[in-house]
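Residues per chain, in single letters:
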Amino acid sequence: MKTATPRKKALVTGGSGGIGSAICRQLANDGFHVVVHANRSLEAARSLAGEITAAGGSAQALAFDVTDAAATSAALEALLEDGPVQVLVNNAGIHDDAIFPGMQLRQWQQVIDVSLNGFFHVTQPLMMPMIRTRWGRIINITSVAAVAGNRGQVNYSAAKGALHSATKSLALEVASRGITVNAVAPGIITTPMSHDSFDASAIAQLVPMKRAGRPEEVADLVSFLASERASYISGQIISINGGMI
Ligand code: NDP
């Protein structure tokens with residue numbers, strides 16, 4: 001494992017989930033101190049942080065609900081006492097699909113709340129400390145649904161599409177401070193989230209490469225965007241979807 005001294009701190013929201021876990025492992029391998037975030041699955045986050053530490057990396061677990069502004073603010077304030085977060089991966093997300101005429105207000109609000117309001121609750125308090133360091137990376141995990149649209153996901157694609165616009169505007173605001181802001185838009189990735197939505201024949205039909213992506217493939221892209229090598233890439237929506245669009 002490479003070591004960066006002192007290690008920059010990377011917070012991965014939804015680090016307890018399928019894609020988030022792979023991102024945490026990769027960023028730890030890249031030499032970051034990784035804050036593995038969870039909401040309900042704190043035990044999973046603790047176990048991953050333990051696995052990273054046992055492998056010679058550096059990690060801690062942290063739980064809060066990104067839709068709860070006060071709880072998020074309190075948790076981040078405590079985290080910032082040990083220094084700034086310099087890599088933020090906004091990965092926490094849910095979907096709750098329904099064809100639009102049948103979509104309930106609750107489904108609309110919850111999906112927007114986690115992806116979009118969660119983005120504000122987490123990102124905004126971390127900005128000034130990051131700006132003061134004159135180096136940072138913000139990577140928003142969005143979706144092909146926001147690039148191409150998807151039936152039954154008006155709420156989800158609206159939330160993720162709004163993150164694309166937020167990515168571009170925030171990138172402009174912080175470009176002169178050594179901070180890049182990008183979105184990574186995955187297609188179908190093998191995790192519990194996608195498991196119920198797509199069977200093998202649907203994947204063969206939808207994906208030119210005829211397979212789902214692996215969380216590690218998304219993590220590799222995030223790793224690159226978080227690195228020095230990606231210093232001149234900002235305000236971009238980068239798809240990773242086996243050629244879907
Ligand atoms: P998972 O369901 O495996 O993980 C979702 C993560 O989000 C969990 O860690 C969960 O925490 C966290 N989370 C959910 N709600 C909240 C909340 N209110 N507050 C804080 N954290 C919350 O999903 P994936 O790994 O598949 O997805 C990760 C990201 O990638 C999501 O943003 C998703 O939209 C996006 N994506 C996924 C695709 C796929 O095919 N899998 C395709 C395109 C995009 P906990 O479990 O601890 O409650």
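Computed from a predicted structure; not experimentally measured.

Novice: Account for the overall build of the chain, naming residues and giving values.
Specialist: Scanning the chain from terminus to terminus reveals 9 helices and 7 strands. Taken along its principal axes, the extent of the C-alpha atoms in the chain is 50 × 35 × 35 Å. Residue burial in the chain is summarised as follows: out of 245 residues, 50% are buried. Long-range pairs, those at least 24 residues apart, make up 74% of the contacts in the chain between residues at least 6 apart in sequence. Summing over all exposed atoms, the chain offers an accessible surface of approximately 11500 Å²; the carbon and sulfur share of this is 54%. Side-chain charges of the chain comprise 19 positive and 18 negative groups, with the mean position of each set lying 7 Å from the other.

Novice: Could you give an account of the pattern of salt bridges, naming the residues involved and the relevant values?
Specialist: Counted under the stated rule, the structure contains 5 salt bridges. Note that Asp96 and Arg106 form a salt bridge whose closest N and O atoms lie 3.5 Å from each other. Within this pair, whereas Asp96 is found in the loop between strand 4 (85-90) and helix 4 (105-133), its partner Arg106 is found in helix 4, the two being separated by 10 residues in sequence. A salt bridge links Glu217 to Arg214; the nearest nitrogen and oxygen atoms lie 3.5 Å apart. The partly exposed category is assigned to Glu217, whose relative accessible area is 22%.

Novice: Tell me about the packing of aromatic side chains, and name the residues and values.
Specialist: Per the counting criterion, the structure on display carries 0 aromatic pairs. In this structure, Lys8 is placed above the aromatic ring of Trp135, and the distance from its NZ or CZ to the ring centre is 4.3 Å.

Novice: Give me the nonpolar core: which residues, what numbers.
Specialist: Side chains of a nonpolar character, in soluble globular proteins, are inclined to be buried together. With 32 residues, the main nonpolar core has Ile23, Leu27, Val34, Val87, Val89, Val184 and Val222 as its most contacted residues. For this core, the secondary structure elements donating two or more residues are strand 1 (9-12), helix 1 (18-29), strand 2 (33-38), helix 2 (42-54), strand 4, strand 5 (136-141) and helix 9 (215-226). Beyond its immediate sequence surroundings of up to four residues, Val184 is in contact with Ile139, Asn140, Ile141, Thr142, Ser143, Val218, Leu221, Val222, Leu225, Ile238 and Ile240. The next biggest cluster of nonpolar side chains, apart from the first, holds 25 residues, and it includes Val66, Val122, Ile131 and Leu163.

Novice: Lay out a nonpolar patch on the surface in plain terms, naming residues and giving numbers.
Specialist: Nonpolar side chains collect at one region of the surface, where Phe100, Leu105, Trp108 and Val154 lie side by side and expose about 380 Å² of accessible area between them. Locating Phe100 in the fold gives a position in the loop between strand 4 and helix 4. When its relative accessible area of 47% is taken as the criterion, Phe100 is described as partly exposed.

Novice: Kindly report on the site of the ligand, identifying the contributing residues and their values.
Specialist: The environment of the ligand is formed by 31 residues, the closest being Ser16, Ile19, Asn91, Tyr156 and Thr191. Here an oxygen atom of the ligand and a backbone polar atom of Gly93 are 3.4 Å apart. For the ligand, an oxygen atom lies 2.9 Å from a polar atom in the backbone of Ile189. Protein chains bury 90% of the 900 Å² of accessible surface belonging to the ligand in isolation. For the shell around the ligand, the secondary-structure elements that each account for two or more residues are helix 1, strand 2, helix 6 (154-174) and helix 7 (192-195). Here the shell around the ligand is built from residues that sort into 13 nonpolar, 15 polar and 3 charged.

Novice: Could you give an account of the packing of helix 1 against helix 9, with specific residues and numbers?
Specialist: Taken N-terminus to C-terminus, the directions of helix 1 and helix 9 make an angle of 50°; their axes are 8 Å apart at the nearest point. The angle between the axes of helix 1 and helix 9 places the two elements in the oblique class. Handedness of the helix 1/helix 9 crossing: right-handed. For the pair formed by helix 1 and helix 9, the contact residues are Gly18, Ile19, Ala22, Ile23, Gln26 and Leu27 on the first element and Pro215, Glu216, Val218, Ala219, Asp220, Val222, Ser223 and Ala226 on the second. Along the lines of polarity and charge, the residues of the contact of helix 1 with helix 9 split into 9 nonpolar, 3 polar and 2 charged.

Conventions adopted
- Residues numbered from 1 in each chain as written.
- Predicted model: local features only at pLDDT ≥ 70, side-chain atom pairs only at ≥ 80, totals over all residues.
- Heavy atoms only, no water.
- Helix = DSSP H or I, 4+ residues; strand = E, 2+ residues; numbered from the N terminus.
- Buried < 20%, exposed > 50% of the residue type's maximum accessible area, 1.4 Å probe, protein only.
- Contact = heavy atoms within 4.5 Å.
- Areas by Shrake-Rupley, 256 points an atom, 1.4 Å probe, with all protein chains shown as cover.
- Lys, Arg positive; Asp, Glu negative; His and termini not counted.
- Charge placed at Lys NZ, Arg CZ, Asp CG, Glu CD.
- Salt bridge = Lys/Arg side-chain N within 4 Å of Asp/Glu carboxyl O.
- Phe/Tyr/Trp six-rings, centres within 6.5 Å; stacked < 30°, edge-to-face > 60°.
- Lys NZ or Arg CZ within 6 Å of the ring centre and 35° of its normal.
- Core = buried A, V, L, I, M, F, W, Y, C linked by side-chain atoms within 4.5 Å.
- Patch = residues over 30% accessible without salt bridge, like charges linked within 9 Å, V, L, I, M, F, W, Y side chains within 5 Å.
- Near = heavy atom within 4 Å.
- Polar contact = N/O pair within 3.5 Å; in protein donor to acceptor, adjacent residues only side chain to side chain.
- Nonpolar A, V, L, I, M, F, W, Y, C, P; charged D, E, K, R; others polar.
- Axes fitted to C-alpha atoms, helices over the stretch in contact; angles between N-to-C directions.
- Parallel < 35°, antiparallel > 145°, perpendicular 65-115°, else oblique.
- Left-handed = near helix turned anticlockwise from the far one by under 90°.

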